[in-house]
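# Notes for the structure review
Listed below, chain by chain, are the residues.
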Amino acid sequence: MSFPNVIYGRYGDEKVAQSTAIGSLPYGQLMILPDGRKARHALAPSGTAIVAGSFYQCPADVADTAREKALALAATVAVGATSVVVTMGGTALTADQYVGGYLITASSAGTGVGRLYKILTNNSAAASSTATFGLEPSDPIETALSGGTTTIGIRQNQYRNLIVTSADTAQTGPNAGVAPVAASAGFSFWVMRSGPVAAHVDAGTAVTAGNPVTASSATAGALGLAVGTAVYKARDIVGHVMTVPAADQFAIVNLELE
């Protein structure tokens, strides 16, 4: 089972931003440039523009879904099924909100637990009503799910609706990467994951070439020194400085997210 899952771009392709999905590609699609830099196809949130050189994180969990609440199955689901009906929690669902996301059998008891499936579609649903999640045809239910026992969690695609890292120590989602270009609200763009990027470095502790950096807690969307202080977010090191910036300016940073 071998299928193409990487595209190879030209220099400058990472700076494309447009109102529709780039090349009709799924969000999260990996692109590799000739020098080995890696980027993922991403979507800006509908109400916020993307800023070039800023550091972004994946969206936070939606209340009453994967982390905060285990959703109850509305009925038993048979082996080979490509749709799952669950009873939503206290948050309404919009149509296709979870396209390209994930459904997990989350409970510690019941049948078919500990599996993750790829979501193809979902309908709109009011809070506390039933909702149907369609799965990718190649990823049907592998073991029957018992209604009333097995519970479900859902998570939207991690590259849809990226948000800028906040100026505090909170961490509400995994690191996504640095935007190589400005993009309007609701536009598709590429977010850089590895290799040299132009990144905003905060005005805090001075950095020198070779220093490790992480998301800053002092300046939204910036990077800051990752060692010797508790000021910065409790995140993994995301890269190392290649050029020394003046305070609150931009540097070349070698990203090392994947």
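Here's a quick rundown of the structure. Here the structure is a predicted model, which is why all the values come from computation and not from measurement. (Residues numbered from 1 in each chain as written. Predicted model: local features only at pLDDT ≥ 70, side-chain atom pairs only at ≥ 80, totals over all residues. Heavy atoms only, no water.)

Once that is clear, we can look at the overall build of the protein. Summing up its helical and strand segments, the protein has zero helices and 17 strands in all. For a compact globule of 258 residues, the expected C-alpha radius of gyration is about 18 Å, and the protein comes in at 20 Å, within 12% of that figure. Split into buried and exposed, the 258 residues of the protein put 45% on the buried side. Across the protein, every contact between residues at least 6 apart in sequence was considered, and the portion connecting residues at least 24 apart equals 69%. Just so you have it, the protein exposes about 11,400 Å², and 57% of that area is on carbon and sulfur atoms. Measuring between centres, the 14 positive side-chain charges of the protein sit 2 Å from its 16 negative side-chain charges. (Helix = DSSP H or I, 4+ residues; strand = E, 2+ residues; numbered from the N terminus. Rg over C-alpha atoms; globule rule 2.2 N^0.38 Å. Buried < 20%, exposed > 50% of the residue type's maximum accessible area, 1.4 Å probe, protein only. Contact = heavy atoms within 4.5 Å. Areas by Shrake-Rupley, 256 points an atom, 1.4 Å probe, with all protein chains shown as cover. Lys, Arg positive; Asp, Glu negative; His and termini not counted. Charge placed at Lys NZ, Arg CZ, Asp CG, Glu CD.)

Overall, antiparallel pairing links the six strands, which are arranged β5-β6-β9-β8-β7-β10 in a closed barrel. Averaged over all neighbouring strand pairs, the angle between strand axes comes to 45°, with direction disregarded. Bridge count between strand β5 (residues 71–73) and strand β6 (residues 83–87): two bridges; the pairing is antiparallel. Looking at β6, one finds that Ala-72 is bridged to Thr-87. (Pairing = 2+ DSSP bridges. Axes fitted to C-alpha atoms, helices over the stretch in contact; angles between N-to-C directions.)

What follows concerns the pattern of salt bridges. Using the criterion set out here, one finds five salt bridges in the structure. A salt bridge links Glu-14 to Arg-37; its shortest N-O distance comes to 3.8 Å. Here Glu-14, found in the loop between β1 (6–8) and β2 (30–32), pairs with Arg-37, found in the loop between β2 and β3 (38–43); they are 23 residues apart in sequence, far enough to count as distant. Of the two residues, Glu-14 and Arg-37, neither departs from the other in class, the shared state being buried. Two residues, Arg-37 and Asp-35, come together in a salt bridge whose shortest N-O distance is 2.9 Å. (Salt bridge = Lys/Arg side-chain N within 4 Å of Asp/Glu carboxyl O.)

Bringing the packing of aromatic side chains into the picture now. How two aromatic rings sit relative to each other is set out by the distance from centre to centre and by the angle between their planes. A full pass over the atoms with the stated rule returns one aromatic pair. Pairing Tyr-98 with Phe-133 gives two aromatic rings, centres 6.1 Å apart and planes at 80°, and the pair type is edge-to-face. On the criterion of sequence distance, the pair formed by Tyr-98 in the loop between β6 and β7 (102–105) and Phe-133 in strand β9 (residues 130–135) is long-range, its members being 35 residues apart. Both residues of the pair, Tyr-98 and Phe-133, belong to the buried class. (Phe/Tyr/Trp six-rings, centres within 6.5 Å; stacked < 30°, edge-to-face > 60°.)

Next up on the list: the pairing of β7. Along any regular strand, the residues point their side chains to alternate faces of the sheet. Burial along β7 is one-sided: the face carrying Leu-103 and Thr-105 is buried and the face carrying Tyr-102 and Ile-104 is not. Pairing analysis gives three bridges linking β7 to strand β8 (residues 116–122), with the strands arranged antiparallel. The residue of β8 that forms the bridge with Tyr-102 is Lys-118. Sheet topology note: the β7/strand β10 (residues 151–155) ladder contains four bridges and is antiparallel. Across the sheet, Tyr-102 pairs through a bridge with Arg-155, a residue of β10.

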